[in-house]
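If you want the building blocks of each chain, they are given just below.
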Amino acid sequence: KWPVPERYNAACDFVDRHMEEGRAHEVAILYRDEVVTYGDLYERVNRAGRLFRELGIEMEQRILLVLPDCPEFVYAFFGAIKIGAVPVPLNPRLRPDDYAYFVYDARPKAVLVGRELVEVFENIVAASRFKPLRLVVKGEAPQGWLSFTDLLHQVDGTLEPADTHKDDVAFWLYSSGSTGAPKGTIHLQHDMPFCVLHYAKPILNIQPGDRTYSVAKLHFAYGLGNAMYFPLGVGASTILVPEHPTPQVILETIQRDRPTLFFSVPTAYNAVLRWEERFRYDVSSLRLCVSAGEALPEKLYHEWKAWTGIEILDGIGSTEALHIFISNRPGQVRPGSSGTVVPGYEAEIRDESGRPVPTGEVGVLWIKGDSVAAGYWNKQEKTQRTFVGSWLCTGDMYVRDEEGYYWYVGRSDDMIKAGGIWVSPIEVENVLIEHPAVVECAVVAHDDGDGLVKPKAFVVLRPDIPSSESLVEELKRFVKERLASYKCPRWFVFVDELPKTSTGKIQRFRLRQTQEG
Ligand code: 3SK
C-alpha cells in the first residue's frame with residue numbers, strides 16, 4: 001500500500017513539505033524572467049488560500065481557474081486546496097458559450113480569470129442565476145471585480161491548512177469526449193501523490209535537479225502533472241510558458257531554459273520535426289521525452305531519436321485516471337506501442353460483454369488504480385457506465401502482445417467495420433504517414449452509397465507536393481503493399497489541416513460528419 005495518511009492535504013505535501021526539507025532557496029518555477037523559489041511558492045500559496053478564505057470561500061466550494069500557464073495558476077490551485085476548496089482549471093482559449101456551461105454546471109463560488117476574459121465572464125455572470133465572486137489575475141480590477149495579485153500583497157503569508165481526509169475532493173478537471181457536454185471529473189486529495197509515486201518517480205526517475213517543460217498546458221490532466229505536481233512532488237523545477245506551442249516557441253524555450261524532461265503530444269513532435277529551422281537550436285539539455293494524448297507513430301519516434309539522440313516514452317493516460325497508466329520505459333521502448341502497465345495499476349482488455357479477451361485480440365481497455373477519479377459531477381448515468389466498481393472503462397481499443405506491450409487500435413467509436421472485419425484507423429494511418437508525401441492523415445469510416453462501410457483517408461500533403469489522381473493511385477498502392485487490401489482507403493481527400501482538440505487529438509468524428517466525410 002502506498003504511503004498517504006488518512007488525514008492528508010495535497011497542498012501541505014506538494015508545497016509546505018519543501019520548507020521542512022530545506023528547499024526554500026531552490027527554484028520551483030521559471031516563468032519568463034521571473035524565478036519563483038520554493039520559499040516564495042510557500043508564502044504565495046498561503047496568501048492565496050488566506051485570500052480565498054477571507055473572501056468567504058469555504059471547503060468544497062469550487063473556484064474556476066481560467067488562466068494561461070503562469071505562477072498565479074499554481075498559487076491559486078494549491079491555495080484553494082489548502083483551505084479545502086476545489087480548484088477547477090479551464091482552458092483559457094474557449095468560446096463564451098463554453099464558459100457559460102461551466103459556470104452553470106460547476107456553480108463556482110469564485111472565478112479567477114485572465115484580463116482578456118473579464119468581459120466574457122461579466123456577461124455570463126450578468127445572465128446567470130449564479131453570482132460567483134470575480135477575480136482578475138493581474139492589474140487593475142474593473143468595477144465589480146477584485147485584483148488577485150494586488151490582494152495577495154495585502155494578506156498574511158501564513159495559513160492553517162484545512163483538516164482534509166485523503167479521500168476528500170481536491171480538484172476537478174473537465175473531460176470532453178467526442179459527444180455530449182464536458183464532464184466535471186472529480187479528483188481526490190490522494191490522486192496526485194499516487195501518480196508521482198507510481199509514474200513520475202519510477203518511470204521518469206524525476207529528481208530534484210530536473211527541469212520540466214510541457215507543451216500540454218496546466219488545465220489538461222497531462223499538463224497538470226508534467227508541469228506542476230510532478231516537479232513539485234520531488235522538489236524539481238518547472239518552466240511555465242503561456243504562449244501557444246509553435247515549433248519556434250518550443251525550441252526557443254528548450255534552448256533558453258534548458259529543460260531535462262520534455263512532455264509533448266504527437267502533433268507537436270511532428271510540427272517540430274517538419275520545421276526546417278530546427279537544426280539551429282540547442283536541445284542538448286534534454287535527458288528524456290514523453291508523448292501522450294494520442295498514439296505516437298513509429299516514424300516520429302525514430303525521427304526524433306535520430307535528431308536529438310533522446311528516446312520518447314509514449315504512454316496512455318486519461319483525465320479520469322489523472323495521468324499515464326500504460327507507458328514505455330527508458331531503454332525498453334517499443335516504437336508504435338503505448339508500452340506496458342505502470343506498476344500500481346491493473347489493466348484488462350475486455351469484449352463488448354465485459355469478458356477479458358485472449359492475448360492478441362482486440363478489445364476495450366479497462367484500468368484500475370488509486371488515481372482514478374471518484375466520478376463525474378452531476379452525471380450519474382455516464383459515471384455508472386465509465387466507473388464500474390474500482391475499474392475504469394477507457395473507451396480505447398487495444399491489443400496486448402505476448403510480452404505485455406499494449407498497442408493502440410483506436411477509440412471504440414472510431415473503429416471501422418469494413419466487410420464485417422474490424423479495421424483500425426491507427427494501423428492504416430501509421431502506414432500512410434510513412435509515405436514521403438504525407439505530413440498527417442486520418443482514416444474514418446465512410447458509406448460507399450450501398451450501405452457498405454469502407455475506410456476513407458483525409459491527408460495533409462507536404463506543401464511542395466500537389467494533389468493528383470496519380471498520387472491517389474500511388475498512395476493506394478503504397479498501403480496495399482503493406483496491409484490487407486480491405487484496409488486500404490477507398491477514397492482520399494486532400495486537406496490543409498485536420499480537425500483537432502486543443503490537446504492535439506485528431507477529431508475523427510468531425511471528419512465523419514463533414515459533407516466530404
Ligand atoms: O490523453 C492522454 O494520453 C493523457 C495522458 C496523461 C494525462 C491525461 C491524459 C488525457
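None of these values were measured; they are calculated from a predicted model.

(A) Inspection of the pattern of salt bridges at higher detail. On inspection of all chains with the given rule, the structure shows 33 salt bridges. With its nearest N and O atoms 2.9 Å apart, the salt bridge here joins Arg-23 to Glu-21. Accessibility expressed as a relative area gives 13% for Arg-23, which makes it buried. The partly exposed category is assigned to Glu-21, whose relative accessible area is 41%. Among the charged side chains, a network of salt bridges with common partners joins Asp-13, Arg-17, Glu-21, Arg-23 and Glu-26.

(B) Representation of the sheet that holds strand E6 (residues 133–136) in the model. The five strands are arranged E4-E3-E5-E6-E7 in an open sheet whose pairing can be described as parallel. Because the sheet does not close on itself, it has two edges, and the strands there are strand E4 (86–89) and strand E7 (146–147). Pairing of strand E3 (residues 62–66) with E4 involves four bridges; the strand directions are parallel. Within E4, the position partnered with Ile-63 by the bridge is Pro-87. Together, E3, E4 and strand E5 (110–113) form the strand contacts of helix H3 (residues 71–82), whose direction differs from that of E4 by roughly 145°.

(C) Examining the side chain of Asn-226 more closely. Of note, Asn-226 is situated in helix H8 (residues 221–234). Sequence-distant contacts of Asn-226, that is, excluding residues within four places in its chain, are made with Thr-212, Ser-214, Pro-231, Phe-263 and His-323.

(D) Looking closely at the environment of Gly-504. Position of Gly-504 among the secondary structure elements: in the loop between strand E26 (491–494) and helix H15 (508–513). Gly-504 gets classed as buried once you look at its relative accessible area, which sits at 11%. The residues touching Gly-504, leaving out its near neighbours within four places in the chain, are Thr-267 and Glu-294.

(E) How the structure looks around the site of the ligand. The environment of the ligand is made up of Ala-221, Tyr-222, Ala-292, Gly-293, Gly-317, Ser-318, Thr-319, Leu-322, His-323, Ile-324 and Lys-505. Gly-317 has a polar backbone atom sitting 3.1 Å from an oxygen atom of the ligand. Lys-505 is positioned such that a nitrogen or oxygen atom in its side chain is 3.0 Å from an oxygen atom of the ligand. Summarising the interface, the protein chains cover 91% of the accessible area of the ligand, which totals 270 Å² for the free molecule. Here the shell around the ligand is composed, by residue class, of five nonpolar, five polar and one charged.

(F) How the structure looks around the packing of aromatic side chains. For the structure shown, the criterion picks out 27 aromatic pairs. Between Trp-172 and Tyr-174, the ring centres sit 6.3 Å apart and the planes meet at 70°, which makes this aromatic pair edge-to-face. The exposure class assigned to Trp-172 is buried, which follows from its relative accessible area of 2%. Taking 6.3 Å as the distance between ring centres and 65° as the angle between the ring planes, the aromatic pair formed by Tyr-398 and Tyr-406 counts as edge-to-face. The class for Tyr-398 is buried, based on a relative accessible area of 1%. Its relative accessible area of 4% is what places Tyr-406 among the buried residues. Ring pairing ties together the aromatic residues Phe-14, Phe-73, Phe-77, Phe-78, Phe-171, Tyr-199, Tyr-229, Phe-230 and Phe-263, which thus form one cluster. Here the guanidinium or amino end of Arg-62 rests over the ring plane of Trp-377, the centre of that ring lying 4.7 Å away.

The rules behind each value
Residues numbered from 1 in each chain as written. Predicted model: local features only at pLDDT ≥ 70, side-chain atom pairs only at ≥ 80, totals over all residues. Heavy atoms only, no water. Salt bridge = Lys/Arg side-chain N within 4 Å of Asp/Glu carboxyl O. Buried < 20%, exposed > 50% of the residue type's maximum accessible area, 1.4 Å probe, protein only. Pairing = 2+ DSSP bridges. Helix = DSSP H or I, 4+ residues; strand = E, 2+ residues; numbered from the N terminus. Contact = heavy atoms within 4.5 Å. Axes fitted to C-alpha atoms, helices over the stretch in contact; angles between N-to-C directions. Near = heavy atom within 4 Å. Polar contact = N/O pair within 3.5 Å; in protein donor to acceptor, adjacent residues only side chain to side chain. Areas by Shrake-Rupley, 256 points an atom, 1.4 Å probe, with all protein chains shown as cover. Nonpolar A, V, L, I, M, F, W, Y, C, P; charged D, E, K, R; others polar. Phe/Tyr/Trp six-rings, centres within 6.5 Å; stacked < 30°, edge-to-face > 60°. Lys NZ or Arg CZ within 6 Å of the ring centre and 35° of its normal.

Any functional reading would require information that these geometric values do not contain.
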